[in-house]
Amino acid sequence: MSVAAVVVVLLVGVAIVGVTVVRRPFPATTGQISVPGLGGKVTVLRDKHGIPQIYADNPLDLFRAEGFVHAQDRFFEMDLRRHITAGRLSELVGPAGLDTDRVIRVLGWRRVAEQELPTLKPETRQYLQAYADGVNAYIDRAGSTSKMSLEYVVLGQKVKDYHVEPWTPADSLAWLKAMAWDLRGDYDSELMRARLASRMSLGQVNDLFPPYPYAQHQPILSAKDWSPGQGAGPGAGAASAVPTAASAVTGHAATSAYAGVERALAAVPVSVGRGDGIGSNSWVVGAGKSTTGKPLLANDPHLGVSIPSIWYQVGLHCRTVGPSCPFDVAGFSFSGLPGVVIGHNDRVAWGFTNLGPDVSDFFLEQVRGDRYLRDGRYVPLKTELETIKVAGKGDVTITVRSTVHGPLLSDAIPDVASAGQSAPVNGRATAGSYAVALQWTGLVPNQTADAIFGLNTAQDFEQFRAAARQFAVPAQNLVYADTDGHIGYQAPGLVPVRSRYMNAPPGYWPRPGWVSAWDWKGWVPFDEMPHTYDPPEGIIVTANQAVTASTTPFLTTEWDYGFRAQRIRDLLEKKDKISPADMAAIQGDTRNDFAPTLVKALLGIDLEGDHFTKEAQDLLRGWDFTNPANGGREAAAAAYYNAVWSDLLDLTFNDELPDDLRANGGDQWMEAVTELLKKPRSPWWDNKLTPGVTEGASEMLRQAMVEARLDLTKKLGKNPASWEWGKLHRLTFTHQVLGGEDVPGAVRWLFNRGPYDMPGGSAIVDANGWDASKGYDVDWAPSMRMVVDLSDLDRSRWVNQTGNSGHAFDEHYDDQVSAWMDNQTFAWPFSEKAVRAAAGDELTLVPASGGQ
């Protein structure tokens, strides 16, 4: 966004951005504060990292206090999130938010949140309201925005007279829509295939989406754990031809509409992050495999990097745990949402990784005026007017149009609605045009909020599964462990039932909306979703890989290809017993398990006549395939290897791909190159920028090494032995609104932190991911790490990505960064005795009749 006007802040010096203004929003963490609506005293104990543990006598007081505490530390983040999810960002940041607002209004996140609120359990609605009351108590107490966050002071130089509205339960539910949006599966691949089908053969398209390598990378559940159906892996059904009747879906006119949808999707800001594979690691070790005699559970979700970090650490404790007050839970929460999303209670621990089922489809719609084609006749589009208020400008009114499948996403940004004029249907020209509707499970009102509180209070696997049954979106791999020694796994979520289309698995291609036979047929029943309890091998590894080799139920064609998952499994299987320290060490593993395949091919290229390049190639001889940031031969080899990989992708793929579909270098591209190395004369090994020359695999590999040597010589110096991966692979924690390159540097300095040299990489357990089409900088990473010890919960460990505070220059804004970078964790006290021993500050919240 453009905030050039805020530079005036810097010109008035200390009077505006001085110590007083910076510190004014910092939270009170000691003493006594009155909070309207409390039924009794609430104790908030904060440790040396500012992590609150909250103690109350009833659930409503507990969540009212959580809302107050979240707002103390993260209110601007909460306010920003609700503006984004309601399509009201322009009210906060001005015209720069308009495209985002258009798309979000078309998607209707806020409308769906309001629809699902009355469908929730009565107690869930009470908890959401209590949380909102706590947030509003903070807003009322703060009074002015300058006492809430420094961001308001800076933005106030451009956006005048901004007024903070009261928090509502729907604000919390709408954030779940943003989380689900970022973590949904398949939509980008579906659009990519459709766009490429008009540019190249389907054989080439399929080369970019190879089958899952079940023989090399084990799925989450083996056949003995889960085998409800038979069949080849889901990727085995890639399309072999486009039937004439469906050629419109991949034709040039449709491609124009798809490109418009891509523009709309790009306007949606990242909320929790969407890295390659939307990855995460989580695994659990059973009592028999653990040195402690009880299970161990590890989790590190890989999400977008930002400051403040995505997660907020918190403990929620009923002073007396029982049916009327069942909460005794700690873990990672989202500011703006009550409860704990990932963590443990007094008996059960759980972790998440993205399941990634195909829960969205694009339907190509034949539109004529205000009507669209449906089974041979034109029927009315559903239309709604939306008014967007833009700070500093006039209101903007848009029309949201929808079909039976969902909103017309191709309408979202002006000038893309005209894409695909004179669109043919079944090979015949028509007077209409194409539009693209999105059908997505996140737009179906659901009860995911009920699931969060169910997970927080589950006491055994049966109750855990009962909670998971309500976890509709985003569909996750849920791993489980309990203090009785049991472990388990459940795949929940709304997953549509569909038929195959165009000789391919369901969801592989966009579908023609004018034929009802291609509509969704319902949902996969929960009891048919994969699950297991106490598997014989005593470990469960989930890292976004395929869940099972079975196609029943059909979940997706778009699994992560399993490099991380198999590496975790290999490390676990090397030891008879796994300790908590072993679990933590695995989280920091930087070995690239694709590298042996590529390095073997690279070392097979004769460079004897090119000493300059061979000097770099020799770094790969004896390399252990790890990717440390700094120091020694391994860091030098990692730098060269990753530069070669980036150049190879550019030479091999990017000459034929549109700029916005350039190869990002993640697990999909690793598996594609694994297979293409077996086909050295594939058309992909021919650089289309060199007409009349057909290079082949060996020449492409040679050119990539030559270009990488030249590039790193410019960037890192002439001596390859001095190169370091971390000097290329860097991370800057960037504020979502005031941290971008279009913001004055002095303002960025206030809010951003870094850059830092980083280890790891894409498809690596220590997944500090980078997009090879953009450079080497880290753009997603482990958002937190935790290891739960079910033998003694007070010996569990955790770390956040940056810190718990959202206030720039607060001591807890970035006080966990160094530990997080080094794969270090902190003690995670849970019992009240341990919490009090670790506590530094004590705040008492009291009913409004007492206190200040």
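Reading guide: rules and limits
Residues numbered from 1 in each chain as written. Predicted model: local features only at pLDDT ≥ 70, side-chain atom pairs only at ≥ 80, totals over all residues. Heavy atoms only, no water. Helix = DSSP H or I, 4+ residues; strand = E, 2+ residues; numbered from the N terminus. Buried < 20%, exposed > 50% of the residue type's maximum accessible area, 1.4 Å probe, protein only. Contact = heavy atoms within 4.5 Å. Areas by Shrake-Rupley, 256 points an atom, 1.4 Å probe, with all protein chains shown as cover. Phe/Tyr/Trp six-rings, centres within 6.5 Å; stacked < 30°, edge-to-face > 60°. Salt bridge = Lys/Arg side-chain N within 4 Å of Asp/Glu carboxyl O. Core = buried A, V, L, I, M, F, W, Y, C linked by side-chain atoms within 4.5 Å. 1 Å grid on protein atoms, 1.4 Å probe; cavity = no way out; pocket = protein on both sides within 12 Å on 5 of 7 lines; lining within 4 Å. Points joined across faces, edges and corners; volume = space filled by probe spheres on them. Nonpolar A, V, L, I, M, F, W, Y, C, P; charged D, E, K, R; others polar.

Chemist: So, the overall build of the chain: which residues are in play, and what are the values?
Modeler: Scanning the chain from terminus to terminus reveals 24 helices and 30 strands. Across the 852 residues in the chain, those meeting the buried criterion constitute 65%. Taking the intrachain contacts of the chain between residues at least 6 apart in sequence as the baseline, contacts between residues at least 24 apart amount to 74%. Total accessible area computed for the chain in this model is approximately 28,600 Å², and 51% of it derives from carbon and sulfur atoms.

Chemist: Would you mind going over the packing of aromatic side chains in detail, with residue names and values included?
Modeler: Applying the stated criterion across every chain yields a total of 41 aromatic pairs. Geometrically, the ring pair formed by Tyr 212 and Tyr 561 is stacked, given 6.5 Å between the ring centres and 15° between the ring planes. With Tyr 212 in the loop between helix H11 (202–207) and helix H12 (252–266) and Tyr 561 in the loop between strand E22 (539–542) and helix H15 (563–573), the pair connects residues that are 349 residues apart, well separated along the chain. Look at Tyr 212 and you get buried, because its relative accessible area is 8%. For the pair Tyr 434 and Trp 514, a centre-to-centre distance of 6.1 Å together with 5° between the ring planes defines the contact as stacked. One end of the pair, Tyr 434, is in strand E17 (residues 433–440); the other, Trp 514, is in the loop between strand E20 (511–512) and strand E21 (531–533), with 80 residues separating them in the sequence.

Chemist: Which residues make up the pattern of salt bridges, and what values go with them?
Modeler: Note on pairing: side chains with opposite charge can pair once their charged atoms come close. A full pass over the atoms with the stated rule returns 50 salt bridges. Across the salt bridge formed by Glu 656 and Lys 688, the nearest N and O atoms sit 3.2 Å from each other. With a gap of 32 residues between them, Glu 656 in the loop between helix H19 (632–652) and helix H20 (667–676) and Lys 688 in the loop between H20 and helix H21 (697–716) connect regions that are remote in the sequence. Asp 757 is paired through a salt bridge with Arg 730; the nearest N and O atoms lie 2.9 Å apart. Placement of the pair is Asp 757 in strand E24 (residues 753–757) and Arg 730 in strand E23 (residues 730–733), with a sequence separation of 27 residues. Arg 730 sits in the partly exposed class, given a relative accessible area of 29%. In the salt-bridge network here, residues are joined through shared partners; they are Asp 79, Arg 82, Arg 110, Glu 114 and Asp 171.

Chemist: Residues and numbers for the nonpolar core, please.
Modeler: Counting 245 residues, the largest nonpolar core has Leu 409, Tyr 640, Trp 645, Phe 653 and Leu 845 as the members making the most contacts within it. It is H19 that provides the largest number of residues to this core, a total of 12 residues. Discounting chain neighbours no more than four positions away, the residues touching Leu 845 are Ile 33, Val 35, Leu 38, Gly 40, Lys 41, Val 42, Val 44, Ala 65 and Phe 68. Listed in part, the 17 residues of the second largest apolar core include Trp 283, Ala 298, Val 541 and Val 765.

Chemist: Give a description of empty space enclosed by the protein that names residues and reports values.
Modeler: One pass over the full model with this rule turns up 9 cavities of 30 Å³ or more. Space inside the largest cavity adds up to approximately 200 Å³. Along its surface, the largest cavity is lined by 21 residues, and Glu 77, Leu 80, Arg 81, Pro 308 and Gln 736 are the ones closest to its centre. It is helix H3 (residues 59–85) that provides the largest number of residues to the lining of the largest cavity, a total of 9 residues. In the lining of the largest cavity, the residues fall into 8 nonpolar, 8 polar and 5 charged. Its boundaries defined by the atoms lining it, the second largest cavity holds a volume of some 130 Å³. Forming the walls of the second largest cavity are 15 residues, and the residues nearest its centre are Leu 183, Pro 301, Trp 311, Phe 352 and Gln 476. At 3 residues, the largest contribution of residues to the lining of the second largest cavity is made by strand E9 (residues 348–354).

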